[in-house]
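# Examining the three-dimensional arrangement
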Amino acid sequence: MKVCVSGGAGYIGSHTCLEMLNAGMEVTVFDSLYNATEEALRRVEELTGKKVTFVKLDLLDAEGLNKLFADTKFDAVIHFAGLKAVGESVAKPLFYYENNIAGTVHLLKAMDAGGCKNIVFSSSATVYGDPASVPVKEDFPISATNPYGRTKLFIEEILRDVYRSDQSWNVILLRYFNPVGAHSSGRIGEDPKGIPNNLMPYIQQVAVGRREHLSVFGSDYPTKDGTGVRDYIHVVDLAKGHLAALKKLTENPGCETYNLGTGVGYSVLEMLAAFSKACGKELAHVMAPRRAGDVAVVYGAPDKAKAELGWSAELGLEDMCADSWRWISANPQGFTSPAPLS
């Protein structure tokens, strides 16, 4: 299978490319490198002994996308590319709407012109908003509390409309919960630019001394210890979920939606304690007020993915923390001094 991966140099994209190469697929990555580095793909090549075809290309470059899909006949696309910082999306909504939504329209047009009508879209559990109950299921109402979340929600709707208009398309919408962890080699992992927006990379940076302490936002939620509860999924399990989705595309499933999570929720303090155990030291934290838009508890029901994709998460909290610590302790500054792809 020949697969085009948008945003494939990023955190989830690079881990997915590694699993795809190990499964014998041909992988072409295009990425603007706005929040990623070619070094991740160089290390993927090192780990697999296989070549990634890389094209530096922005989603908003319609001409470049058309050329890519005219020059190569792809069997499917995995669409990761997109801006993803909630706070930035609130401050710069038009930047997010243009890049994520208009960029996806350019991609879909290029795919259509190039005769590639199979796509796996990287959506998010953020589309569930503040759910009335947990675990959340795929048929729950969807909403969003910020522009980033709305871009995911709108793109889902665009993809459904594309399928309704032309049922030769096959679309799989993957709603991820909270990806954490790293490849067990310690060679690739999460390396956010600037201040991390997510819990685990922030904890990692505290553990290696890049930040003084973790701020825990909210201590008065109706949870076991007062801190927010989320469904954390190991990035390698998540990557394997994309392979299961690609296999499903070959069955011409139409348009389907799947949660990718563990079905288990952990609080912020539980995550902090588990990581402290993995790295062998207590990590400083301070309690802070709740952040606007944060919800108390979100975790998913992954039953549909197990039944229809044959996929379920295999790696637990201990693996997530051990692999994260292996990555950040070996790469305290992340992907520094990236070498160009050969």
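Residues numbered from 1 in each chain as written. Predicted model: local features only at pLDDT ≥ 70, side-chain atom pairs only at ≥ 80, totals over all residues. Heavy atoms only, no water.

The sheet built from three strands is open, its strands ordered β12-β9-β14 with mixed pairing. Edge positions in the sheet fall to β12 (266-267) and β14 (297-298), since each has one partner strand and no second. Judged from the two bridges that link them, strand β9 (residues 229-230) and β14 form a sheet pairing that is parallel. Pairing of Val 229 across the sheet is with Val 297, part of β14. (Pairing = 2+ DSSP bridges. Helix = DSSP H or I, 4+ residues; strand = E, 2+ residues; numbered from the N terminus.)

The next point concerns the nonpolar core. One finds Met 20, Leu 246 and Phe 275 to be the most contacted residues of the largest nonpolar core, which totals 64 residues. Broken down by element, this core gets its largest block of residues, eight residues, from helix α8 (residues 235-249). In this structure Met 20 touches Val 3, Val 5, Met 25, Val 27, Ile 78, Leu 243 and Leu 246, once residues within four positions along its chain are discounted. Within the second largest apolar cluster, 25 residues are counted, among which are Phe 30, Ile 101, Val 162 and Val 171. (Core = buried A, V, L, I, M, F, W, Y, C linked by side-chain atoms within 4.5 Å. Buried < 20%, exposed > 50% of the residue type's maximum accessible area, 1.4 Å probe, protein only. Contact = heavy atoms within 4.5 Å.)

Take unusual backbone geometry next. With omega at 0 degrees, the peptide bond leading from Val 134 into Pro 135 counts as cis. With respect to the element layout, Pro 135 can be found in the loop between β5 (118-124) and α6 (147-165). Positive phi, normally seen in glycine, also occurs at Leu 33, with a value near 65 degrees. Residue position: Leu 33 is located in the loop between β2 (26-31) and α2 (38-48).

Right, let's talk about the pattern of salt bridges for a bit. Under the defined criterion, the tally for this structure stands at 20 salt bridges. In this structure, Lys 92 engages Glu 88 in a salt bridge whose closest nitrogen and oxygen atoms are separated by 4.0 Å. Taking the shortest distance from any N to any O, the salt bridge between Asp 294 and Arg 291 comes out at 2.9 Å. You can call Asp 294 partly exposed: its relative accessible area is 28%. A relative accessible area of 40% places Arg 291 in the partly exposed class. (Salt bridge = Lys/Arg side-chain N within 4 Å of Asp/Glu carboxyl O.)

Of note, Arg 187 is situated in the loop between β7 (178-180) and α7 (199-207). The exposure class of Arg 187 is partly exposed, given its relative accessible area of 24%. A sequence separation of 84 residues divides Arg 187 from Gly 103, and the C-alpha atoms of the two residues are 30 Å apart. Sequence-distant contacts of Arg 187, defined by excluding residues within four places in its chain, comprise Arg 42, Arg 43, Glu 46, Leu 47, Trp 327 and Phe 335. A distance of 2.8 Å separates polar atoms of two side chains, one belonging to Arg 187 and the other to Glu 46. (Polar contact = N/O pair within 3.5 Å; in protein donor to acceptor, adjacent residues only side chain to side chain.)

Under the counting rule described, the total for this entry stands at zero disulfides. With no disulfide of its own, Cys 4 lies 7.7 Å from the sulfur of Cys 116, the closest cysteine sulfur. Judged by its relative accessible area of 0%, Cys 4 falls in the buried class. Free cysteine Cys 321: the closest other cysteine sulfur is in Cys 279, separated by 9.0 Å. What makes Cys 321 buried here is its relative accessible area of 1%. (Disulfide = S-S within 2.5 Å.)

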